[in-house]
Amino acid sequence: MGAFSFLKELLLLPKMKKLTIAIDGYSACGKSTLAKDLAEKLGYIFIDSGAMYRGVSLYCLRNGLVENSIPDLIEIKKALPKINLEFKRIKDENHLFLNEEDVSIEIRSNEVAQIVSKIAVIGEVRKKLVNEQRKMGEFGGIIMDGRDIGSVVFPNAELKLFVTASEEVRVQRRFDELKSKGIISSIEEVRTNLKERDYIDSHRKIGPLIQVSDAIVIDNSNLSRQEQLDFALGLVFEYNSTSH
Ligand code: DC
């Protein structure tokens, strides 16, 4: 398959219903890449919800709300109204702004990666971000990736995808991504962090990562970026061509 295999469907896009597409999955499984590629093809909004949890984590780190890797729950709850997160499009990329400052690079740091799952278990943090995420999706035409998108944020999403890949593939991908951003890390450090985050993300009480029963699983361990996109585009067009 290739870019032209969906030419007819792509031409019909303006007439198609704008869907809400939820993409969930473990760390570094390629969710955001798929979400971004799909959004570009369909002309939808793309939101990386993990970036928002990272933004809150960065605020907490900078403001002394985490000590010895332990979040100060009381102070974090008090600080939440002061944390303003916004996505802005810059040169075809979504940039995350934390209180008017572009923090897109900093939220990818090892320091943030070490703490983000511990911040994401806090009920009040989730409540604030889930509210903001739902507002972004009010009008459909949105693709959001994360951990609780199909289960909590958009339980009525028309299309739910659960993306997965083998541990080896995920570790290598995250390592390459960090390297390309100039963030120094060892493969073992990346592996330990991914495993720890996956465990916390799928075992927390509120909004854990789960594979909801109506999600379609995509294991992309052996798929190229284009193959993964083609598969997902096929699902979108199939949805639109059936009697919904
Ligand atoms: O997708 P990511 O690795 O950038 O996400 C960073 C962390 O944020 C991840 O460890 C879990 C948390 N997260 C979450 O709890 N719920 C979401 N919807 C998205 C991310």
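Residues numbered from 1 in each chain as written. Predicted model: local features only at pLDDT ≥ 70, side-chain atom pairs only at ≥ 80, totals over all residues. Heavy atoms only, no water.

(A) Just the packing of aromatic side chains, in detail. Taken as a whole, this structure holds one aromatic pair when the rule is applied. Pairing Tyr26 with Phe162 gives two aromatic rings, centres 6.1 Å apart and planes at 85°, and the pair type is edge-to-face. Of this pair, Tyr26 sits in the loop between β1 (20–25) and α2 (31–42) while Phe162 sits in strand β9 (residues 159–164), and the two are 136 residues apart along the sequence. According to the relative accessible area criterion, Phe162 is buried, its value standing at 6%. Between the NZ or CZ atom of Lys88 and the centre of the ring of Phe97, over which it lies, the distance is 4.4 Å. (Phe/Tyr/Trp six-rings, centres within 6.5 Å; stacked < 30°, edge-to-face > 60°. Helix = DSSP H or I, 4+ residues; strand = E, 2+ residues; numbered from the N terminus. Buried < 20%, exposed > 50% of the residue type's maximum accessible area, 1.4 Å probe, protein only. Lys NZ or Arg CZ within 6 Å of the ring centre and 35° of its normal.)

(B) Region of the structure containing the site of the ligand. Close to the ligand lie 17 residues; Arg54, Arg126, Asp148, Asp201 and Arg204 are nearest. Between the ligand and the protein, one listed contact pairs a nitrogen atom with a side-chain N or O atom of Ser49 at 3.0 Å. Within the side chain of Ser117, one N or O atom sits 3.1 Å away from an oxygen atom of the ligand. Coverage of the ligand by the protein chains reaches 98% of its 450 Å² of free accessible surface. When contributions to the shell around the ligand are tallied by element, the ones reaching two or more residues are α3 (49–62), α5 (110–120) and α9 (187–203). By residue number, the principal contributor to the shell around the ligand is α3, which donates four residues. In terms of residue class, the shell around the ligand is built from four nonpolar, four polar and nine charged. (Near = heavy atom within 4 Å. Polar contact = N/O pair within 3.5 Å; in protein donor to acceptor, adjacent residues only side chain to side chain. Areas by Shrake-Rupley, 256 points an atom, 1.4 Å probe, with all protein chains shown as cover. Nonpolar A, V, L, I, M, F, W, Y, C, P; charged D, E, K, R; others polar.)

(C) Up close: the pattern of salt bridges. Under the definition given, this model contains 20 salt bridges. Residue Lys17 is joined to Glu158 by a salt bridge in which the shortest nitrogen-to-oxygen separation is 2.8 Å. One end of the pair, Lys17, is in the loop between α1 (7–12) and β1; the other, Glu158, is in the loop between α7 (149–153) and β9, with 141 residues separating them in the sequence. The partly exposed category is assigned to Glu158, whose relative accessible area is 23%. Here Asp48 ties to Arg108 by a salt bridge, and the two come within 3.0 Å at their closest N and O atoms. A residue pair is termed long-range when its members are at least 10 positions apart, and Asp48 in strand β2 (residues 45–48) and Arg108 in the loop between β7 (101–102) and α5 qualify at 60 residues. (Salt bridge = Lys/Arg side-chain N within 4 Å of Asp/Glu carboxyl O.)

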